[in-house]
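# A structural walkthrough
Okay, here's what each chain looks like letter by letter:
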Amino acid sequence: MIKSPVNPGFYCERVLGRIMQQTPMTVRGEQLLRDELNELKTVRRPKIVADIAEAREHGDLKENAEYHAAREEQGFCEGRIQEIEAKLSTVQIIDVTKMQNNGKVIFGATVTIVNVDTDEETTYRIVGDDEADIKNNLISFNSPIARGLIGKEIDDAVTIKTPNGAVEYEITEVEYI
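Keep in mind that what you see is a predicted model, and the values were worked out from it rather than measured. (Residues numbered from 1 in each chain as written. Predicted model: local features only at pLDDT ≥ 70, side-chain atom pairs only at ≥ 80, totals over all residues. Heavy atoms only, no water.)

## Some words on the overall build of the protein
When you go through the protein residue by residue, the secondary structure sums to 3 helices and 10 strands. If you list the helices and strands of the protein from N to C, you get β-β-β-β-α-α-β-β-β-β-α-β-β. A buried classification covers 34% of the 177 residues belonging to the protein. Taking the contacts inside the protein whose residues are at least 6 apart along the sequence as the reference set, 48% of them involve residues at least 24 apart. With the model as given, the accessible surface of the protein reaches about 11,100 Å², and the carbon-plus-sulfur share is 50%. (Helix = DSSP H or I, 4+ residues; strand = E, 2+ residues; numbered from the N terminus. Buried < 20%, exposed > 50% of the residue type's maximum accessible area, 1.4 Å probe, protein only. Contact = heavy atoms within 4.5 Å. Areas by Shrake-Rupley, 256 points an atom, 1.4 Å probe, with all protein chains shown as cover.)

Rendered as structure tokens:
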């Protein structure tokens, strides 16, 4: 294992002379990907195969829109299966619930911050790229907010560059839940 040149604090593996970037993910994120992979392989893939077989029965494949649509859907499905399998092969699962909370913001932590100017309080959980969902306050560790928060501690002031300019926040709580 070597330190990641892209994401400090994460590690890479050298496989067949190439550096394989590990994909950090929470336990929940890994389970969601495994569930999606299972759904694709056991439900969608067989349905698409059946749709292709049915469309073939309609005759001439050159002008068969159902056949071409099913083949296109098959391509998307197989591509997503390959993408998920690639991510799962390089996954680095980080379970913060098993770590001692020292007040430091790390991947997987739930962080409450207060905008110094407006006193608006917001809570975010720092997660992997595939898990990010801003509507549910799940932010990617690659987002500007998360990058500004990671490594900081409770009561630290953090300045985050946003499209509307720099905004100063104070970290009021860090939870490993």
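## A closer look at the nonpolar core
Core analysis: the biggest nonpolar cluster contains 21 residues, and Val105, Val111, Ile113, Ile126, Leu149 and Ile171 have the highest contact counts within it. Per element, the largest residue contribution to this core is 4 residues, and it comes from strand β10 (residues 165-175). If sequence neighbours within four positions are ignored, Ile113 has contacts with Glu120, Glu121, Thr122, Tyr124, Leu149, Tyr169, Glu170, Ile171 and Thr172. (Core = buried A, V, L, I, M, F, W, Y, C linked by side-chain atoms within 4.5 Å.)

## Observations concerning the packing of aromatic side chains
By the definition in use, this model includes 1 aromatic pair. Geometrically, the ring pair formed by Phe107 and Phe141 is edge-to-face, given 5.6 Å between the ring centres and 75° between the ring planes. Separated by 34 residues along the polypeptide, Phe107 in the loop between β5 (91-93) and β6 (110-115) and Phe141 in the loop between β8 (138-140) and α3 (144-149) bring together distant segments of the chain. Of the two residues examined, Phe107 and Phe141, each falls in the buried class. (Phe/Tyr/Trp six-rings, centres within 6.5 Å; stacked < 30°, edge-to-face > 60°.)

## Some words on the sheet that holds β10
Pairing in this open sheet of 5 strands is mixed, and the strands run β8-β7-β6-β10-β9 from one edge to the other. For this open sheet the edge positions go to β8 and β9 (157-162), each flanked by a neighbour on one side alone. The average undirected angle you get between the axes of adjacent strands in this sheet is 45°. Summarising the sheet, β9 and β10 pair through 6 bridges and their orientation is antiparallel. Across the sheet, Val158 pairs through a bridge with Tyr169, a residue of β10. (Pairing = 2+ DSSP bridges. Axes fitted to C-alpha atoms, helices over the stretch in contact; angles between N-to-C directions.)

## Overview of the packing of helix α1 (residues 27-56) against helix α2 (residues 65-89)
One way to put it is that α1 packs onto α2 with a least axis distance of 9 Å and a crossing angle of 160°. It follows that α1 is roughly antiparallel to α2 by the angle criterion. Like other packed secondary-structure pairs, α1 and α2 cross with a definite hand, here left-handed. Grouping the amino acids of the contact of α1 with α2 by side-chain chemistry returns 12 nonpolar, 1 polar and 15 charged. (Parallel < 35°, antiparallel > 145°, perpendicular 65-115°, else oblique. Left-handed = near helix turned anticlockwise from the far one by under 90°. Nonpolar A, V, L, I, M, F, W, Y, C, P; charged D, E, K, R; others polar.)

## Quick look at the side chain of Glu131
Locating Glu131 in the fold gives a position in the loop between β7 (121-127) and β8. No salt bridge is formed by the buried Glu131. Its closest oppositely charged neighbour is Arg28, at 4.8 Å. Within the local environment of Glu131, its side chain forms a polar contact with the side chain of Thr26, the two groups lying 2.2 Å apart. Polar contacts involving the side chain of Glu131 include one to the main-chain amide nitrogen of Gly29, which spans 3.3 Å. Residues contacting Glu131, with those up to four places away along its chain left out, are Met25, Thr26, Arg28, Gly29 and Leu138. (Lys, Arg positive; Asp, Glu negative; His and termini not counted. Salt bridge = Lys/Arg side-chain N within 4 Å of Asp/Glu carboxyl O. Polar contact = N/O pair within 3.5 Å; in protein donor to acceptor, adjacent residues only side chain to side chain.)

Without other data, these values stay purely geometric and don't point to any function.
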